[in-house]
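Geometric and topological summary
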Amino acid sequence: MDRRSPPRGDRSTGATPMTESPDRHSKQEHDGSRSETEPSHEPLDDGRYLYCVVSLDGGEEPGSDGSTIDARGIDDREPYVVSNGDVGAVIQECARTYDPDDLTRLRQLLLTHQSVVDAATEGFGTPLPTRFGTLLDGGDAAVVDWLADERERLRHHLERFDGTSEYRIRVAWTEPPEPGDRNEELASLRDRTDAADDGKGFLLEKQYEQRLAAWRSERKADLGTELRERLEPLVVELERLDEQSSPIAVPDDDTTLVSRVAIRATEDDEAPIGDELEAIAERSGVEVRFTGPWPPYTFTPDL
Amino acid sequence: MTRIDLDGEDPASGLAALVLTVVDLLVEVLEREAVRRMESDQLSDEEIERLGTALAEIEAEIDRLVAAYGVEEEVTSLRNDLDGLVSRAVRDVSSADGVDHDGQEVPSSRRPVDGGDTDD
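Owing to the predicted nature of the structure, the values given are computational and were not obtained by experimental measurement. (Residues numbered from 1 in each chain as written. Chains lettered and ligands numbered in written order. Predicted model: local features only at pLDDT ≥ 70, side-chain atom pairs only at ≥ 80, totals over all residues. Heavy atoms only, no water.)

1. Re the overall build of chain A
Each helix and strand in chain A was counted, giving six helices and 10 strands. The buried share of chain A, taken over its 303 residues, is 50%. When contacts within chain A are restricted to residue pairs at least 6 apart in sequence, those whose partners lie at least 24 apart make up 80%. Element-wise, carbon and sulfur atoms account for 42% of the exposed surface of chain A, whose accessible area totals about 14,300 Å². (Helix = DSSP H or I, 4+ residues; strand = E, 2+ residues; numbered from the N terminus. Buried < 20%, exposed > 50% of the residue type's maximum accessible area, 1.4 Å probe, protein only. Contact = heavy atoms within 4.5 Å. Areas by Shrake-Rupley, 256 points an atom, 1.4 Å probe, with all protein chains shown as cover.)

Here it is as structure tokens:
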């Protein structure tokens, strides 16, 4: 197994966004296929870029609690924490919206966003991460008011996620499985194809390809089911993921995706989870990628 | 999603990729139907031979045109995009019908009320 770059968040806490939904950035569908236009930069009167929501001890007056984050933010600004009771928001000043057309620039911004969220995790424990590009206008006061309005729901999810992190597992074939002689139907079809005349041989070849694809699809489903059955007793939550790629993830390679899942688990669960994944990774032609811990992007609901 | 450049320096190439991808998909449908009829004994040996020969020639011609226009990558990419779209649509329809993409029945509480997205 090996580690790869972090997954991107697919959901967010629903701070009132100032732009159209930034999903198209954080949902990794930014593939360079958009038209070549100037990036839009809507100016903000007193904007605040929201990185995540964190749990606090409480007791401070609402507003900036003086805490800083040990990371540089987007546009090299300094993130800080505003609080309202026992919930806080990691934010920074922001003069404009972000809508980069350039994939390299987007990648840089996502990594910066992630580094701030990671630093917040170090300081405050598991946060509720927000999507890249989540903005509020109206200064610190607007953020404090939003925290007050959403406090109950934010506390619920903060407590639910406390002590856990997200991990992502990707199982792939480095080479598609071959049925060999054990599958009599396919072996017989292979023999008939080899013996047939050109026209019939062509159709038998197509038939063989279809049956082989169906057989491989069954093997893929079986392996995906086995993965989930091995993990479910060990984790708090598990969610299957579509075949998505992140703009900052490892580029597509020659492997064939079998299954991707996101799990939420404690640090103590890492070792037994690793043991289960090792049992799968040991098989010939199978590759397992196990990344994390990350903030619970996949499990944070829209608020 | 694959980008097809119809306004650039070589729009013919982009258009060729689109057309050849669509043709390739249609021929695949024909091949599947031919195999189905062969499996269900609806075709004589002569018909099988004739149909297989014709489809083989069409496939060879498509490959030749793809190579001639130099659009192998675009066609492959478009096919992958379309396969993904179709798979997702089939999955959504299956979920709306109460069956997930493993063929398992989906509890009614998880089924969409209005046929919307059903990420599982």
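After that view of the structure, there is still more to cover.
2. Looking at the overall build of chain B
When you go through chain B residue by residue, the secondary structure sums to three helices and zero strands. Ordered by position in the sequence, the α and β elements of chain B form the string α-α-α. The burial tally for chain B puts 23% of its 120 residues in the buried class. Taking the intrachain contacts of chain B between residues at least 6 apart in sequence as the baseline, contacts between residues at least 24 apart amount to 54%.

3. Description of the confidence of the model for chain A
This prediction gives chain A a mean pLDDT of 81; 80% of its residues lie at or above 70. Confidence over residues 2-40 of chain A falls short of pLDDT 50; this stretch has 125 contacts with residues more than four positions distant or in other chains. (pLDDT = per-residue confidence, 0-100.)

4. As for unusual backbone geometry
Trans is the common state for peptide bonds, and a negative phi is the common state for residues other than glycine. Between A:G292 and the following residue, A:P293, the backbone shows a cis peptide bond with an omega angle of 0°. Inspection of the secondary structure assignment puts A:P293 in strand β10 (residues 286-294). If you check the backbone angles, A:D75 has positive phi at about 60° while not being a glycine. Position of A:D75 among the secondary structure elements: in the loop between β2 (63-68) and β3 (80-84). For A:D75, a relative accessible area of 38% corresponds to the partly exposed category. Phi is positive for B:D41, close to 60°, though the residue is something other than glycine. Structurally, the position occupied by B:D41 is in the loop between α1 (11-39) and α2 (45-69).

5. Here's the deal with the packing of aromatic side chains
Note on aromatic pairs: each is described by the distance of the centres and the angle between the planes. Residue and element names in this part refer to chain A. Per the counting criterion, the structure on display carries three aromatic pairs over all chains. Ring plane angle 55° and centroid distance 6.3 Å describe the contact between Y49 and F132, whose orientation is recorded as tilted. Taken together, the residues span a long stretch of sequence, with Y49 in strand β1 (residues 43-55) and F132 in the loop between β5 (128-129) and β6 (135-137) at a distance of 83 residues. The pair Y49 / F132 is uniform in exposure class, with both members buried. The lysine or arginine in question, R190, covers the ring of Y208, its NZ or CZ lying 4.5 Å from the ring centre. (Phe/Tyr/Trp six-rings, centres within 6.5 Å; stacked < 30°, edge-to-face > 60°. Lys NZ or Arg CZ within 6 Å of the ring centre and 35° of its normal.)

6. Overview of the sheet that holds strand β8 (residues 237-240) of chain A
Residue and element names in this part refer to chain A. Spatial strand order, β8-β9-β7-β10: four strands in an open sheet with antiparallel pairing. Each edge of the open sheet is held by one strand with a lone partner, namely β8 and β10. The average undirected angle you get between the axes of adjacent strands in this sheet is 20°. Pairing geometry for strand β7 (residues 165-173) and strand β9 (residues 256-265), over nine bridges, is antiparallel. Note on β9: the bridge partner recorded for S165 is A265. (Pairing = 2+ DSSP bridges. Axes fitted to C-alpha atoms, helices over the stretch in contact; angles between N-to-C directions.)

7. What about the packing of helix α4 (residues 184-195) of chain A against helix α5 (residues 198-231) of chain A?
All names here are of chain A. As a packed pair, α4 and α5 sit with axes 9 Å apart at the nearest point and diverge in direction by 160°. Between α4 and α5, the interaxial angle falls into the category roughly antiparallel. α5 is crossed by α4, and the crossing has left-handed handedness. Seen from α4, the contacting residues are E185, L186, L189, R190, R192 and T193; seen from α5, they are G201, L204, E205, Q207, Y208, R211, L212 and W215. (Parallel < 35°, antiparallel > 145°, perpendicular 65-115°, else oblique. Left-handed = near helix turned anticlockwise from the far one by under 90°.)

8. Observations concerning the pattern of salt bridges
Residues and elements named next belong to chain A. Enumeration over the complete set of coordinates arrives at 33 salt bridges over all chains. Ionic pairing is found between R155 and E159, a salt bridge with its closest N-O pair at 3.4 Å. Here the residue R155 and the residue E159 both occupy positions in helix α3 (residues 139-161), the gap between them amounting to four residues, near one helical turn. Linking E205 and R190 is a salt bridge whose minimum nitrogen-to-oxygen distance equals 2.7 Å. In this pair, E205 sits in helix α5 while R190 sits in helix α4, placing the two residues 15 residues apart along the sequence. Connected through shared salt-bridge partners, D86, R151, R155 and E159 make up one network. (Salt bridge = Lys/Arg side-chain N within 4 Å of Asp/Glu carboxyl O.)

9. Topic: the nonpolar core
Residue and element names in this part refer to chain A. One finds Y49, Y51, I69, V90 and F132 to be the most contacted residues of the largest nonpolar core, which totals 23 residues. Counting residues per element, the ones that place at least two in this core are β1, β4 (87-96) and α2 (103-124). Top element by residues in this core is α2. It accounts for seven residues. Look past the residues within four positions of V90 in its chain and what remains in contact with it is Y49, L50, Y51, C52, V54, I69, P79, Y80, V81, V116 and A120. (Core = buried A, V, L, I, M, F, W, Y, C linked by side-chain atoms within 4.5 Å.)

10. Overview of the pairing of β1(A)
Residues and elements named next belong to chain A. When β1 meets β4, the two strands line up antiparallel, connected through nine bridges. For P43, the partnering residue across the bridge sits in β4 and is R96. Summarising the sheet, β1 and β5 pair through two bridges and their orientation is antiparallel. The residue bridging C52 from the neighbouring strand is P129, located in β5.

11. A closer look at the packing of α5(A) against α1(B)
Contact geometry for α5(A) and α1(B): axes closest at 10 Å, N-to-C directions at 95°. In terms of orientation, α5(A) and α1(B) fall into the roughly perpendicular class. Every residue of α1(B) that contacts α5(A) at A:F202, A:L203, A:L204, A:K206, A:Q207, A:Q210 and A:R211 is listed here: B:E31, B:R32, B:A34, B:V35, B:M38 and B:E39. Taken together, the residues of the contact of α5(A) with α1(B) break down into six nonpolar, two polar and five charged. (Nonpolar A, V, L, I, M, F, W, Y, C, P; charged D, E, K, R; others polar.)

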